Amino acid sequence: MSRINVPDVATATDATAVVYNEVRKIAGGTVPNLYAVIGHLNPALLTAVLDAEATLASGSLSKQDLETIKILVSARTGCDYCEAAHVMLGKMTGLTTDTIKKIRLGQSTGDAKRDALIHFVLTLHETEGTLGEHDYAGILAAGYTDVQLLEISLVFALTIFTNAFNRINDTEIDFPKVD
């Protein structure tokens, strides 16, 4: 059970009700537990997260790239909630179960560009963002652009944010659990 008590989302009013309605449009009529607690505590912050996610969704990274980053960071951070959510979303983008397993483990998937992304994100995570010239050159050589590096940084940061908050809150998982 989550540490922070959230009233039934159906009883939300004012700015919280408005942002929950936006979430329902995005999430197929539901308000996932993470978004419920963020919206309850600070609807403006949830709006900012949703805006950032929408910006990324319309950016230059593929949906599979976005989910690759989110799955990998969540697995490395140990956020069961986000890992479950992004494994489910990764499957929806067409990532196979085998590919997702390899992403979670930081292993080669057999796709050179995805593997370069995995290596880059692992390096970001393990070095706390301190990259050598070789790391920068490697991700560019794989076909990623400077604009995409900016987007990768935001995906990474948003994932760390949700991972950290879920760990603080011990957010109850409302997605299929990952084995």
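This text goes with the structure placed above it.
These lines cover the structure that appears in this document, whether it is placed above or below. (Residues numbered from 1 in each chain as written. Predicted model: local features only at pLDDT ≥ 70, side-chain atom pairs only at ≥ 80, totals over all residues. Heavy atoms only, no water.)

Description of the packing of helix α5 (residues 80-92) against helix α6 (residues 97-105)
At a minimum axis separation of 10 Å, α5 and α6 run at an interaxial angle of 145 degrees. For the crossing formed where α5 meets α6, the hand is right-handed. Taking contact as the criterion, the partners of E83, V87, G90 and K91 in α5 are, on α6, T97, I100 and R104. For the contact of α5 with α6, the class distribution of residues is 2 nonpolar, 2 polar and 3 charged. (Axes fitted to C-alpha atoms, helices over the stretch in contact; angles between N-to-C directions. Helix = DSSP H or I, 4+ residues; strand = E, 2+ residues; numbered from the N terminus. Left-handed = near helix turned anticlockwise from the far one by under 90°. Contact = heavy atoms within 4.5 Å. Nonpolar A, V, L, I, M, F, W, Y, C, P; charged D, E, K, R; others polar.)

Things to note about unusual backbone geometry
Leave glycine aside and you will find that most residues have negative phi; peptide bonds, for their part, are mostly trans. Here the phi dihedral of D14 falls at roughly 55 degrees; this positive angle occurs in a residue that is not glycine. When you line up the elements, D14 lands in helix α1 (residues 14-26). Positive phi outside glycine occurs at D170, with the angle close to 55 degrees. By the element assignment, D170 lies in the segment after α9 (146-169).

Re the environment of L150
With respect to the helices and strands, the residue L150 is situated in helix α9. Under the relative-accessibility criterion, L150 is labelled exposed at 61%. Counting along the chain gives 46 residues from L150 to R104, while the straight-line C-alpha distance between them is 22 Å. (Buried < 20%, exposed > 50% of the residue type's maximum accessible area, 1.4 Å probe, protein only.)

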